[in-house]
Amino acid sequence: MEIQNLSYLLLLLIYLVIPVALSFQKKVRFVFRLRYILPAVIFAGAIFIMWDLRFTQMRIWTFNPDYFTGIELLRLPIEEWLSFLIIPLSSIYIYEWLKIRFEDFEKPNAFVIISLVLLLVTGILAYVFRARMFSFFTFFLSAIYLGYTVFRNRFKKYYTKFYLALAISLIPFLIVSAILNSLPAIVYDSAHTMGLALFGVPVEKIGYLFLLLLINVTIYEYLSNRKQQ
């Protein structure tokens, strides 16, 4: 195995940079929240693994073996499995840090409006690009789950920190995704994307991250609140 084969695995470590930098905040008792975090990560991860497996089989995206260890589970690189663990854990840590560091900063009504706009935009994009599988499923599932979250109306007080955590999480996500695309470690079939990219990263990937984190954080907060009742 050459160092090149460790590319994706090493890039995953970038997601840990921000949590480590924030770890000096002693009030964030992250380890004690794992009993709420892990069920959320497992549930969301199962959904995305099934999605990943199906799209890999359909060759909507393909993995270049030159940049992977070669270790696979269900024909999916082990690095992909790890990404659905590391990315949510990193983002939830950021989310928890924000809840402590900016406890009094809340703009729930503004972010409800932003959520409604996103709901409309994702719904429109899902319809317009319904023939492009990556675009359609990303925006359709995002619209469905975001709509459920908004109209269930139990997540309003968490919107501010969620969107801030998403914005911070985008930094390592775009860095890692841009490098992976430039190698290229992952190749996307352009027939199934909108053709729009940010730093070489398909816009659908950002929607993918949004949905992954939204599922994780909403389930995490639901479990946390249920245990406290």
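Up top you'll find the structure we're talking about.
Numbering of residues starts from 1 in every chain and runs along the sequence as written. The predicted origin of the model limits local features to residues at a pLDDT of at least 70 and limits the giving and counting of side-chain atom pairs to 80 or more, whereas totals for whole chains, interfaces and linings rest on all residues. Note that the side-chain values use all heavy atoms of the structure and ignore hydrogens as well as water.

Focus: the overall build of the chain
Stated formally: Segments assigned H or I by DSSP are reported as helices when at least four residues long, segments assigned E as strands when at least two residues long, and all are numbered from the N terminus. Between the two quantities, the radius of gyration covers C-alpha atoms and the globule rule is 2.2 Å times the number of residues to the power 0.38.
The helix and strand tally for the chain stands at 8 helices and 6 strands. Secondary structure elements in the chain, listed N-terminal to C-terminal, are α-α-α-β-β-β-α-α-α-α-β-β-β-α. On C-alpha atoms alone, the chain measures out to a radius of gyration of 18 Å, which is about the 17 Å that the 2.2 N^0.38 rule sets for 229 residues. Projected onto its principal axes, the C-alpha coordinates of the chain cover approximately 45 × 40 × 30 Å.

So, the nonpolar core
Stated formally: Side-chain atoms within 4.5 Å link the members of a nonpolar core, which is a set of buried Ala, Val, Leu, Ile, Met, Phe, Trp, Tyr and Cys residues. To sort residues, take the accessible area from a 1.4 Å probe on protein chains only and compare it with the maximum for the residue type: under 20% means buried, over 50% means exposed, and anything in between is partly exposed. Only heavy atoms matter for contacts: two residues are in contact if any of them lie within 4.5 Å across the pair.
Of all hydrophobic cores here, the largest spans 64 residues; its most connected members are Phe48, Trp51, Trp61, Phe134, Phe162, Tyr163 and Ile186. Sort the elements by how many residues they give to this core and helix H8 (residues 203-228) lands first, with 12 residues. With near-sequence residues (within four places) excluded, phenylalanine 48 lies in contact with Phe84, Tyr208, Leu211, Leu212 and Ile215.

Quick look at the side chain of threonine 218
The cut-off we apply is this: As used in this structure description, the phrase polar contact means that two N or O atoms lie within 3.5 Å; if the pair is within protein, one of them must be able to donate a hydrogen and the other to accept it, and residues adjacent in sequence are counted only when both atoms belong to side chains.
Structurally, threonine 218 can be placed in helix H8. Its relative accessible area of 12% is what places threonine 218 among the buried residues. Reaching out from threonine 218, the side chain makes a polar contact with the side chain of tyrosine 145 at a distance of 2.6 Å. Ignoring sequence-local partners within four residues, the contact set of threonine 218 consists of Tyr145, Thr149 and Phe155.

The values are spatial; any link to function lies outside them.
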